[in-house]
Amino acid sequence: MSLILPKRTLSRRRLLQVSGLSGVGFLLGGCGTNLFSDNLRQISEPLNQSLEALLLTQKPIPEFPVSAIEADKLLVNTFDFTPQIDPAQFRLIIDGEVNNAMQLSMADIQKLPLTSMVIRHVCVEGWAAIVQWGGVRLRDLVALVQPKSSVRYVYFKSADGYYESWDLASAIHPQTLIAYQKNGQPLSVDNGAPMRLASPIKLGYKQSKWVTQITFVSNLLPTKKGYWEDQGYEWFAGL
Ligand SMILES: Nc1nc2c(c(=O)[nH]1)N[C@H]1C(S)=C(S)[C@@H](COP(=O)(O)O)O[C@H]1N2
Ligand SMILES: [Mo]
């Protein structure tokens, strides 16, 4: 057996332990198998080597105290319409070049470790707001689905037709969340319920609301990088 490095993030096995997501039927991806039969070998394996290396390089950026939250400053910015999603029926699809494609209900998501952060949201249109977001680290979802070593980008599809793509490193940054809370309250529909992206390392337009599908890919479609990007906005959009 090869050398196994100590893990700096939640391993797939550990995640399943802490979240209690060990039941048969949790995983609806792939061909309907569950984690504890066919995939048993993969559970104890570390993420692929390039991903592991990437995780080690990532440091959180400083956050704000809860007292700094600017509750009135986050403007609703929606390009077209506001989709209404029934949270009870909702399933987040996670697929693409992964070992374990999944469909997660809100209940599944809420069993995963909750991370809360107070960060600045910056819209390219010239406004900003300090906001608290609560949700699941995208890297924890990554640990569950196990992207293949070919993966370099992540697509996020939204219920209003919005779409975004991120580089994998930014997606697995420790403060990139799939959020379902804002300022300590359940996320409102206007702000992207049931689930949206939130991260202090990217401009507002990268932070997709009403995310329905997360797809791991090795290449981007040149004419489909993101709703605003395809109209000339910068793709990386780092802060
Ligand atoms: N699905 C979807 N996500 C979206 C948008 C959108 O129109 N549709 N607008 C983006 C922009 S430009 C910004 S600034 C933020 C605004 O988030 P908020 O409306 O919760 O303040 O959402 C981003 N995510
Ligand atoms: Mo924005």
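On a predicted model such as this, the values are computed, not experimentally measured, just so you know. (Residues numbered from 1 in each chain as written. Chains lettered and ligands numbered in written order. Predicted model: local features only at pLDDT ≥ 70, side-chain atom pairs only at ≥ 80, totals over all residues. Heavy atoms only, no water.)

(A) Expanded view of the site of ligand 1. Around ligand 1 sit 20 residues, and of these Leu 75, Phe 79, Asp 160, Arg 196 and Lys 209 come closest. At 2.9 Å, a backbone N or O of Gln 207 approaches a nitrogen atom of ligand 1. For ligand 1, an oxygen atom lies 2.5 Å from a polar atom in the side chain of Lys 209. Its free accessible area being 540 Å², ligand 1 has 98% of it covered by the protein chains. In terms of residue class, the shell around ligand 1 is made up of nine nonpolar, eight polar and three charged. (Near = heavy atom within 4 Å. Polar contact = N/O pair within 3.5 Å; in protein donor to acceptor, adjacent residues only side chain to side chain. Areas by Shrake-Rupley, 256 points an atom, 1.4 Å probe, with all protein chains shown as cover. Nonpolar A, V, L, I, M, F, W, Y, C, P; charged D, E, K, R; others polar.)

(B) Expanded view of the pairing of strand β4 (residues 127-137). Burial runs high along β4: nine of the 11 residues are buried. Across nine bridges, the pairing between strand β3 (residues 115-123) and β4 is antiparallel. Each residue of the ladder has a partner; that of His 121, found in β4, is Ala 129. Linking β3 to β4, which pair antiparallel, is a turn of three residues; within it Gly 126 sits at a positive phi near 105°. Bridge analysis of β4 against strand β7 (residues 177-182) gives five bridges, and the strand direction is antiparallel. The partner of Arg 137 across the bridge, within β7, is Leu 177. (Buried < 20%, exposed > 50% of the residue type's maximum accessible area, 1.4 Å probe, protein only. Helix = DSSP H or I, 4+ residues; strand = E, 2+ residues; numbered from the N terminus. Pairing = 2+ DSSP bridges.)

(C) Molecular detail of the nonpolar core. In this structure, Leu 92, Leu 141, Ile 178, Ile 214 and Phe 216 are the most contacted members of the largest nonpolar core, which totals 32 residues. For this core, the leading source of residues is helix α5 (residues 138-145), giving five residues. Every residue in contact with Ile 214, bar those within four places of it in the chain, is listed here: Leu 92, Ile 93, Ile 94, Asp 95, Leu 138, Leu 141, Val 154, Tyr 155, Phe 156 and Ile 178. Ranked by size, the runner-up nonpolar core spans 13 residues in total, among them Leu 74, Leu 177, Ala 179 and Ala 198. (Core = buried A, V, L, I, M, F, W, Y, C linked by side-chain atoms within 4.5 Å. Contact = heavy atoms within 4.5 Å.)

(D) Region of interest: the environment of Ser 50. Relative to the helices and strands, Ser 50 is located in helix α3 (residues 49-57). Along the primary structure Ser 50 and Lys 148 are separated by 98 residues, whereas in three dimensions their C-alpha atoms are 9.9 Å apart.

(E) Spatial organisation of the packing of aromatic side chains. If you walk through the whole model with that rule in mind, you get nine aromatic pairs. Relative to Tyr 227, the ring of Phe 79 lies with its centre 4.0 Å away and its plane at 40°, an arrangement referred to as tilted. In this pair, Phe 79 sits in the loop between α3 and β1 (92-96) while Tyr 227 sits in the segment after β10 (211-217), placing the two residues 148 residues apart along the sequence. Centre to centre, the rings of Tyr 205 and Tyr 233 are 5.4 Å apart; their planes meet at 70°, and the pair counts as edge-to-face. (Phe/Tyr/Trp six-rings, centres within 6.5 Å; stacked < 30°, edge-to-face > 60°.)

(F) A look at the confidence of the model for the chain. Residues of the chain with pLDDT of at least 70 account for 81%, and the chain-wide mean is 87. Note on residues 1-7: pLDDT under 50 across the span, and three contacts to partners over four residues away in sequence or across chains. Low confidence marks residues 22-44, where pLDDT is under 50. Its contacts with residues over four positions away, or in another chain, come to 34 contacts. (pLDDT = per-residue confidence, 0-100.)

(G) Structural context of the sheet that holds β1. The strand order across the open sheet formed by five strands is β2-β1-β10-β5-β6, and the pairing between neighbours is mixed. In this open sheet, the two strands that pair with only one neighbour each are β2 (102-104) and β6 (163-167). When strand polarity is set aside, the average angle formed by the axes of neighbouring strands in this sheet is 15°. By the bridge criterion, three bridges tie β1 to β2 in an arrangement that is antiparallel. Residue pairing for β2: Ile 93 is matched across the bridge by Gln 103. Sheet contacts for α5: β1, β2, β5 (153-158) and β10; angle to β10, the most-contacted strand, approximately 60°. (Axes fitted to C-alpha atoms, helices over the stretch in contact; angles between N-to-C directions.)

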